[in-house]
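# Structure at a glance
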Amino acid sequence: MNLERPWGSLNYLDEGSGPLVVLLHPLAESGELWRRLIDELTPDFRVVAPDARGHGESSWDGKQFSVPDLADDVAALVEHLGAGPARVAALSMGGCTAVALAVRRPLLVHSLVLADTTADYGPGKAAAWGERAEKAVTVPREKQLRFQVDRWFSPSFLEQDPAEVERVSRIFTGTDSQAHAAACRALGAYDDSARLGEITAPTLVLVGEDDYATPPAMAEALHVGISGSRFHVLSEVRHLSLVENPHARALAREHLAR
């Protein structure tokens with residue numbers, strides 16, 4: 001399915017029926033990252049998983065975008081579907097997008113699951129993400145995988161489910177390097193930490209205990225800033241908690257069903 005936007009065509013998966021759930025993917029991935037969670041949710045929900053600009057099957061005009069721009073795309077999609085407000089589950093970059101959406105368009109958000117994410121990457125973020133952007137376009141994508149996979153998954157998951165690791169890796173290597181770099185720069189400029197108190201949607205914050213991309217301290221800052229939120233640290237889990245960990249997905253399903 002596609003929605004035309006000023007910058008190009010926003011691709012999205014649309015499966016199942018029932019209350020609307022929107023899933024927002026991490027950096028340099030796509031809506032297909034969510035395949036396991038989609039299959040677990042579709043008996044009870046209509047699940048929509050968009051591809052961010054330049055990611056997956058979405059096109060892109062090559063212009064720099066911001067995290068609030070990505071949130072505008074999600075808002076346009078929810079309005080286009082006419083099925084909101086949406087239950088939103090989001091991971092990493094998708095979590096930043098979800099926070100930006102919730103503070104700017106609160107009437108479109110029924111509830112939030114924010115996994116392994118932040119509203120601010122902290123001091124030095126612009127320089128650090130600028131370096132990541134440079135590597136995204138100068139290092140062959142296959143050679144970036146070792147760094148990524150180590151951040152994404154625990155050693156035990158790498159051993160137990162190599163097929164899923166390979167599937168997620170293929171999405172990454174297929175992502176446009178220029179879009180990857182633009183998204184890095186967007187994350188380096190993002191800061192909604194002062195607006196977390198504006199979020200009114202019931203929120204569950206999840207984080208892997210061993211996530212060193214967005215460590216538990218960042219998740220705890222979300223929990224403290226979002227009034228009434230719930231907070232859960234997942235033992236021996238790294239960055240892609242909602243991919244790796246069945247318990248994380250169960251917690252997300254339970255929260256989305258409320």
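Report on the accompanying structure. Source: prediction; values computed, not measured.

This part covers the nonpolar core. Counting 93 residues, the largest nonpolar core has Leu23, Trp34, Val88, Leu112 and Leu206 as its most contacted members. Take this core: its biggest share by element is nine residues, from helix H2 (residues 67-81). Ignoring any residue separated from it by four or fewer positions in sequence, one finds Leu23 in contact with Trp34, Leu37, Ile38, Leu41, Val47, Val48, Ala49, Pro50 and Ala89.

We now examine the side chain of His239. Inspection of the secondary structure assignment puts His239 in the loop between strand E8 (230-234) and helix H10 (241-244). Classification of His239 by relative accessible area gives buried; the value is 7%. For His239, the side chain forms a polar contact with the side chain of Asp211, separated by 2.9 Å. With residues up to four places along the chain from it excluded, the contact list for His239 reads Leu91, Ser92, Asp116, Arg151, Trp152, Asp211, Ala213 and Thr214.

Because an α-helix completes one turn every 3.6 residues, residues spaced three or four positions apart along the sequence face the same direction. The terminal C-alpha atoms of helix H7 (residues 162-173), which comprises 12 residues, lie 16 Å apart, in line with the 16 Å expected from a rise of 1.5 Å per residue. When H7 is considered as a whole, its buried residues turn out to be Glu164, Val165, Arg167, Val168, Ser169, Ile171 and Phe172. Of the surrounding elements, those touching the buried residues of H7 are helix H1 (35-41), helix H5 (141-152), helix H6 (155-160), helix H8 (177-189) and H10.

All right, on to the sheet that holds strand E5 (residues 86-91) then. Pairing within the open sheet is mixed, and its eight strands lie in the order E1-E2-E4-E3-E5-E6-E7-E8. Of all strands in the sheet, those bounded by a partner on one side alone are strand E1 (2-5) and E8. Geometrically, the sheet is characterised by an average inter-axis angle of 20° between neighbouring strands, direction not taken into account. Here three bridges tie strand E3 (residues 20-24) to strand E4 (residues 46-50), and the two strands are oriented parallel to one another. Bridge pairing in E4 places Val22 opposite Val48. Against the sheet, helix H3 (residues 93-104) engages E3, E5 and strand E6 (109-115), with an angle of about 145° to E5. Against the sheet, helix H9 (residues 216-225) makes contact with E6, strand E7 (203-208) and E8, and its axis sits at roughly 170° relative to E7, the strand it touches most.

As enumerated under the stated definition, the model contains 20 salt bridges in all. Asp14 serves as the salt-bridge partner of Arg46, at 2.7 Å between the closest nitrogen and oxygen. Taken together, the positions of Arg46 in strand E4 and Asp14 in strand E2 (residues 8-16) put the pair 32 residues apart, joining distant regions of the chain. For Asp14, a relative accessible area of 25% corresponds to the partly exposed category. Between Arg35 and Glu32 there is a salt bridge whose closest N-O contact spans 3.4 Å. A relative accessible area of 32% means that Glu32 is categorised as partly exposed.

Conventions used here
- Residues numbered from 1 in each chain as written.
- Predicted model: local features only at pLDDT ≥ 70, side-chain atom pairs only at ≥ 80, totals over all residues.
- Heavy atoms only, no water.
- Core = buried A, V, L, I, M, F, W, Y, C linked by side-chain atoms within 4.5 Å.
- Buried < 20%, exposed > 50% of the residue type's maximum accessible area, 1.4 Å probe, protein only.
- Helix = DSSP H or I, 4+ residues; strand = E, 2+ residues; numbered from the N terminus.
- Contact = heavy atoms within 4.5 Å.
- Polar contact = N/O pair within 3.5 Å; in protein donor to acceptor, adjacent residues only side chain to side chain.
- Expected span 1.5 Å × (residues − 1).
- Pairing = 2+ DSSP bridges.
- Axes fitted to C-alpha atoms, helices over the stretch in contact; angles between N-to-C directions.
- Salt bridge = Lys/Arg side-chain N within 4 Å of Asp/Glu carboxyl O.

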